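Read off the chains here:
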Amino acid sequence: MNIKIIRSKKRKKTISARLVNDEIVLRVPAHLTLQQEKDAVEKLVGRIEKSRIRNKLNSEDELKKRADLLNRRYFDGRLKVTSIKYVTNQNFRYGSCTSVDGTIRISYTISKMPSWVQDYVIIHELAHLLQSNHSKTFWELVNQYELAERARGYLMGYEKKVGK
């Protein structure tokens, strides 16, 4: 992806980034050092890339289809999922669930993992629609998934590798 940097004497503090066609256009204050500019470019380009990945993942609606299938298979289709989306702002959790309104958010890092690990994370969050805690009943629901223990091991190994 091309990056275009525009230095402006009018800009004093803020840096903006926009995706224009297939080019990232950054507007930066003219007084920035080359290192400050480089740091800002890395940060903003990273945000734009995450946003593009998230939007692409969510546009295909695969996550909703997968959650519906797992809901039918493991919960007899009785769960009401209002929305399930990949997000890029969850750095320390793989997923989260707001059981009151049926909203589930899955970290986009999960999209890069094997499908059986993705299924485990989805089932974990689906189970929170019935049990909003990590009680014995909750774990019984999650452990219906035959690869639950294996997936937890995979995630522990991943955490160790990336230093979570």
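The present account deals with the structure reproduced in this document. (Residues numbered from 1 in each chain as written. Predicted model: local features only at pLDDT ≥ 70, side-chain atom pairs only at ≥ 80, totals over all residues. Heavy atoms only, no water.)

1. A few points about the pairing of strand β6 (residues 103-107)
Spelled out, the test is: Relative accessibility under 20% of the residue-type maximum defines a buried residue, over 50% an exposed one, and the middle range a partly exposed one, all with a 1.4 Å probe and only protein chains included. We count a stretch as a helix when DSSP gives it H or I for four or more residues in a row; a strand needs E for two or more, and each element gets its number in order from the N terminus. Two strands qualify as a pair provided DSSP detects at least 2 bridges between them.
In terms of residue burial, β6 counts as a mostly covered element, since four of its five residues are buried. In this structure, strand β4 (residues 83-87) lies alongside β6, joined through five bridges in parallel fashion. By the bridge assignment for β6, lysine 85 is matched with arginine 105. A loop of four residues connects strand β5 (residues 95-98) with β6, the two strands running antiparallel in sequence, and glycine 102 in this loop sits at a positive phi of about 75°.

2. Let's talk about unusual backbone geometry
One non-glycine residue, asparagine 21, adopts positive backbone phi at about 55°. Tracing the backbone shows asparagine 21 in the loop between β2 (16-20) and β3 (23-29). Phi at aspartate 76 takes a positive value of approximately 55°, unusual for a residue other than glycine. The topology assignment puts aspartate 76 in the loop between α2 (62-75) and β4. What makes aspartate 76 exposed here is its relative accessible area of 65%.

3. Quick notes on the pairing of β2
Pairing of β2 with β3, which is carried by five bridges, proceeds in the antiparallel orientation. By the bridge assignment for β3, alanine 17 is matched with leucine 26. Between β2 and β3, which follow one another and run antiparallel, lie two residues, and asparagine 21 among them has a positive phi close to 55°.

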